[in-house]
Amino acid sequence: MLNLPNTLIALLAAAGSVYAQLPRPLINYPLGLSPVFDEGFFAGTVAPAATIVQWAPGKAPQACVNELAWNNCLSGRAVVYNVTYADCPTPWIMCRCDNADLSIYQMTNFFGRMPVHLRSTVRHVIATHGEGCSAYAITGPDDGDIVMQGNCNTQSVWLHETGHQLDARGLGTGVGFSTSPTFINALWNDTCVADDYGNTAPWEEFAQMTVVSQSHTIYGYIQQQQYPGCFNSQLNALETTFKTSHLTYGGTCHTRIPATPTVNAVWKRGRIDRRGGKRVGPCKFDHLVGGHKH
Ligand SMILES: *[C@@H]1O[C@H](CO)[C@@H](O)[C@H](O)[C@H]1NC(C)=O
Ligand SMILES: *[C@@H]1O[C@H](CO)[C@@H](O)[C@H](O)[C@H]1NC(C)=O
Ligand SMILES: [Zn+2]
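This one's a predicted model, so the numbers in the text were calculated from it and none came from an experiment.

Criteria and cut-off values
Counting starts from 1 at the beginning of each chain's written sequence and moves along it residue by residue. Whichever chain is written first is A, and whichever ligand is written first is 1; the rest continue in order. Confidence filtering applies because this is a predicted model: local features only for residues at pLDDT of at least 70, side-chain atom pairs given and counted only at 80 or more, and all residues used for totals across whole chains, interfaces and linings. Side-chain calculation: all heavy atoms of the structure are included, whereas hydrogens and water are not. Here a helix means four or more residues in a row that DSSP labels H or I, a strand means two or more in a row labelled E, and each is numbered from the N terminus. Buried means the residue's accessible area, taken with a 1.4 Å probe over protein chains only, is under 20% of the maximum for its type, while exposed means over 50%, and partly exposed covers the values in between. The contact definition used throughout considers only heavy atoms, calling two residues in contact when any of these lie within 4.5 Å. Per-residue and other accessible areas were derived by the Shrake-Rupley procedure at a 1.4 Å probe size, with only the shown protein chains allowed to occlude residues. The criterion for a residue being near a molecule or strand is simple. One of its heavy atoms has to lie within 4 Å of it. For the purposes of these results, a polar contact is taken to be a pair of N or O atoms within 3.5 Å, where, inside protein, one atom must be able to donate a hydrogen and its partner to accept one; residues adjacent in sequence count only when each atom of the pair is a side-chain atom. Three classes are used, and their members are as follows: Ala, Val, Leu, Ile, Met, Phe, Trp, Tyr, Cys and Pro are nonpolar, Asp, Glu, Lys and Arg are charged, and the others, Gly among them, are polar. Any two strands between which DSSP finds at least two bridges are classified as paired. Inter-axis angles, ranging from 0 to 180 degrees, are taken between N-to-C directions of lines fitted to C-alpha atoms, where helices are fitted over the stretch in contact.

Thoughts on the overall build of the chain
(1) Moving on: Helix and strand counts for the chain come out as nine helices and 11 strands.
(2) Moving on: For the chain, with 294 residues in total, the buried portion stands at 55%.
(3) Moving on: Look at the contacts in the chain between residues 6 or more apart in sequence, and 75% of them connect residues 24 or more apart.
(4) Moving on: Carbon and sulfur atoms provide 55% of the accessible area of the chain, an area that totals close to 12,900 Å².

Following this line, the structure appears as structure tokens:
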């Protein structure tokens, strides 16, 4: 155990105390969040204007090479773009495998519909081909990427994955908020979790509460609860900590995670070294509703 990275030690230390408090007995959204919230996100948000510039083939950021290779994207199939939104002069460098289910326009649109300060917790945005939709977030202190595997064409999935980055880096201390006493006490104090997926781990519940909280920010109330108020302590803890700093629309970016170094976009299948990153997921999403093609 001597050489474990600090993040892993922290995770192991936290695990004993947090798992004891899940599952919670009640589920506020039995079919998950998408059927309740995605239509509202579609109607209630717009992405800022953006310019998309595709890189010449052959180069990609290191983090994109790592994740595309690991996702069985064939060497030479990386497509890289600078996506520059009107509210931030520094582009987000996004990468797709050329057979990814999401287009760069969809990626730009879903990502752009989130507040700029929430977007700023993400370094690279990556999409690959997959059956259905699963996704994961890479949350180590030197990471910050989100990866969409398959047709993740709903805002709730994008908010969930970005919620993992908010959890990991929102406080700027590298400590996960979802395993802090503030959130764990709130979770323990509440009678329910958001949905079944939230019941699997505190960080998954935090990510789901990020989705709920973003809808709350937009509409000012919480839709269709089975047990009204049953997760209010968590919602309150999340919003007290992050609503003004990350979940409110408007403004411009002020901190961005630097892109990873540009390298040759060539790899040997299965030979990629992915050590050092802490991956949360893959998060599985069912009952996805809505989704806009664009
Ligand atoms: C992409 O953005 C980076 C960082 O701003 C910049 O250095 C690079 O020249 C841009 N590439 C293209 C193809 O526009
Ligand atoms: C715990 O729940 C009660 C009401 O059920 C609430 O008044 C109190 O603020 C909550 N405490 C925390 C830490 O969330
Ligand atoms: Zn997740």
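Now that the structure has been shown, we can carry on.
Things to note about the site of ligand 1
(1) Moving on: In the vicinity of ligand 1, the residues found are Val53, Trp55, Asn82 and Pro91.
(2) Moving on: Contact between ligand 1 and asparagine 82: an oxygen atom at 2.3 Å from a side-chain N or O atom of the residue.
(3) Moving on: For ligand 1, whose free accessible area comes to 360 Å², the fraction covered by protein is 40%.
(4) Moving on: When the residues that make up the shell around ligand 1 are grouped by side-chain class, the tally is three nonpolar, one polar and no charged.

A closer look at unusual backbone geometry
(1) Moving on: For asparagine 72, which is not glycine, the phi dihedral falls at a positive 65 degrees.
(2) Moving on: Among the secondary structure elements, asparagine 72 is positioned in the loop between helix 3 (62-70) and strand 4 (78-85).
(3) Moving on: Under the relative-accessibility criterion, asparagine 72 is labelled partly exposed at 48%.

Observations concerning the sheet that holds strand 8 (residues 145-150)
(1) Moving on: On the basis of which strands lie adjacent, the open sheet formed by seven strands has the order 2-4-5-6-8-7-11 and mixed pairing. Of all the strands in the sheet, the pair left with one neighbour each is strand 2 (50-54) and strand 11 (279-284). When strand polarity is set aside, the average angle formed by the axes of neighbouring strands in this sheet is 20 degrees.
(2) Moving on: Of the pairings in the sheet, the one linking strand 2 to strand 4 comprises five bridges and is antiparallel in character. Within strand 4, the residue paired with valine 53 across the bridge is asparagine 82.
(3) Moving on: Lying over the sheet, helix 3 contacts strand 4, strand 5 (92-97), strand 6 (125-128), strand 7 (133-138), strand 8 and strand 11, oriented at roughly 20 degrees with respect to strand 6.

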